[in-house]
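Report on the structure
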Amino acid sequence: MAAATTATCQKAGVIFLHGLGDTPAGWSDIKHQMAQLNPKLASPEITWDFPAAPVIPISVNGGATMPGWFDLYDWPIDVTAPDDPAGTMRAVETIRAAIAKLEAAGVPTERIVVGGFSQGGAIALNTAYRHPAKLGGCVALSGWLNMKADFAEGKEFPTEASKATPCLWGHGAMDDKVLFPHQKIGVDLLTARGVTVDASNYPMGHSAHPEELAKLAAFLAGILFP
């Protein structure tokens with residue numbers, strides 16, 4: 001019985017969301033990259049989940065359909081870009097269902113990390129900081145905090161418990177798709193409300209940097225195997 005309890009406590013989950021126009025295959029190799037960077041992350045007790053965005057019409061593409069978590073109206077995505085609240089919240093509900101599935105399999109909520117790249121990062125942020133309980137962590141790589149008015153000072157934070165979820169936020173200083181100023185705006189909003197955010201930037205465009213991935217591996221290992 002004691003051995004079973006120990007194994008259960010070691011269960012963990014990582015949900016990682018791809019960006020616009022991509023598929024789960026675009027980021028699924030991160031599972032192996034993380035294991036190479038930190039052997040702890042090769043643990044079979046970690047369930048890796050790479051959800052697929054629905055195929056939807058995207059306004060900036062003239063209404064042509066592609067995998068996307070929500071609609072986009074401006075390109076590049078600057079800090080004044082309009083939001084798609086309905087699409088964003090549909091995506092949040094999809095990831096909430098993925099969290100619930102992990103919980104049903106015995107993964108404690110505080111050992112679940114939600115992350116994503118670009119549009120996936122936007123959904124990861126909205127999922128983590130609207131969740132009714134603290135998650136293990138949130139990761140945004142080249143993402144942005146859309147629906148940011150909901151997180152502004154003077155408004156009730158979406159859920160009080162979610163403030164305790166730590167965040168890792170990486171961004172390219174030369175990003176020409178999700179413009180770099182998004183990072184400071186989002187980080188400032190979250191930290192002002194009490195969220196612990198580890199933010200860093202890299203000399204790159206809209207992509208992932210080796211140092212960023214190494215930092216991600218350390219972040220995950222620190223949460224899942226402290």
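Reading the values: rules and limits
Residues numbered from 1 in each chain as written. Predicted model: local features only at pLDDT ≥ 70, side-chain atom pairs only at ≥ 80, totals over all residues. Heavy atoms only, no water. UniProt positions renumbered as here; feature names shortened; annotations may be inferred. Phe/Tyr/Trp six-rings, centres within 6.5 Å; stacked < 30°, edge-to-face > 60°. Helix = DSSP H or I, 4+ residues; strand = E, 2+ residues; numbered from the N terminus. Buried < 20%, exposed > 50% of the residue type's maximum accessible area, 1.4 Å probe, protein only. Polar contact = N/O pair within 3.5 Å; in protein donor to acceptor, adjacent residues only side chain to side chain. pLDDT = per-residue confidence, 0-100. Contact = heavy atoms within 4.5 Å. Pairing = 2+ DSSP bridges. Axes fitted to C-alpha atoms, helices over the stretch in contact; angles between N-to-C directions. Lys, Arg positive; Asp, Glu negative; His and termini not counted. Salt bridge = Lys/Arg side-chain N within 4 Å of Asp/Glu carboxyl O.

Under the annotation held in an unreviewed UniProt entry, the chain carries the name Acyl-protein thioesterase and is attributed to Aureococcus anophagefferens. The annotation that UniProt attaches to the chain under Sequence similarities (unreviewed entry) is "Belongs to the AB hydrolase superfamily. AB hydrolase 2 family."

Time to look at the packing of aromatic side chains. Evaluated as defined, the whole model comprises five aromatic pairs. Residues Trp27 and Phe117 carry aromatic rings whose centres are separated by 5.0 Å and whose planes lie at 35° to one another, so their mutual orientation is tilted. With Trp27 in the loop between strand E1 (12-17) and helix H2 (30-37) and Phe117 in strand E5 (residues 112-117), this pair connects stretches of sequence that are 90 residues apart. A relative accessible area of 13% places Trp27 in the buried class. The class for Phe117 is buried, based on a relative accessible area of 10%. With centroids separated by 6.4 Å and ring planes inclined at 10°, the aromatic side chains of Trp48 and Phe50 adopt a geometry described as stacked. Across the pair, Phe50 and Trp48 agree in class, each one buried. Within the aromatic cluster, the residues linked to one another by ring pairs are Phe16, Trp27 and Phe117.

This brings us to the side chain of His18. As for its placement among the helices and strands, His18 is situated in the loop between E1 and H2. Overall, His18 belongs to the buried group, its relative accessible area being 1%. There is a polar contact of 3.4 Å between the side chain of His18 and the backbone oxygen of Asp22. Among the polar contacts listed, one links the side chain of His18 to the backbone nitrogen of Ala53, at a separation of 3.0 Å.

Looking now at the confidence of the model for the chain. Averaged over every residue, the pLDDT of the chain is 95; residues scoring 70 or more account for 96%. Low pLDDT, under 50, characterises residues 1-8; the predicted model gives this stretch three contacts beyond four residues in sequence or across chains.

As a further point, take the sheet that holds E5. Taking strand neighbours across the sheet as the criterion, the six strands line up as E2-E1-E5-E6-E7-E8 in an open arrangement whose pairing is parallel. Two strands close off the open sheet at either side, each with one partner strand: strand E2 (46-49) and strand E8 (197-202). This sheet shows a mean twist of 10° between the axes of neighbouring strands, independent of strand direction. Alignment of E1 against E2, held across four bridges, turns out to be parallel. Counted as the bridge partner of Gly13 is Thr47 from E2.

On to the UniProt feature "domain: Phospholipase/carboxylesterase/thioesterase" (unreviewed entry) in the chain. Following the UniProt record, the feature "domain: Phospholipase/carboxylesterase/thioesterase" (unreviewed entry) maps to residues 10-221 here. Overall, residues 10-221 shows 30% helix and 18% strand. The separation of its end C-alpha atoms is 12 Å.

Okay, the side chain of Asp84 next. Looking at the element boundaries, Asp84 is found in the loop between strand E4 (65-67) and helix H3 (85-104). The side chain of Asp84 is buried and forms no salt bridge, while Arg90, the nearest opposite charge, is found at 4.9 Å. Only 2.8 Å separates the side chain of Asp84 from the backbone nitrogen of Asp71, close enough to count as a polar contact. Discounting chain neighbours no more than four positions away, the residues touching Asp84 are Phe70, Asp71 and Tyr73.

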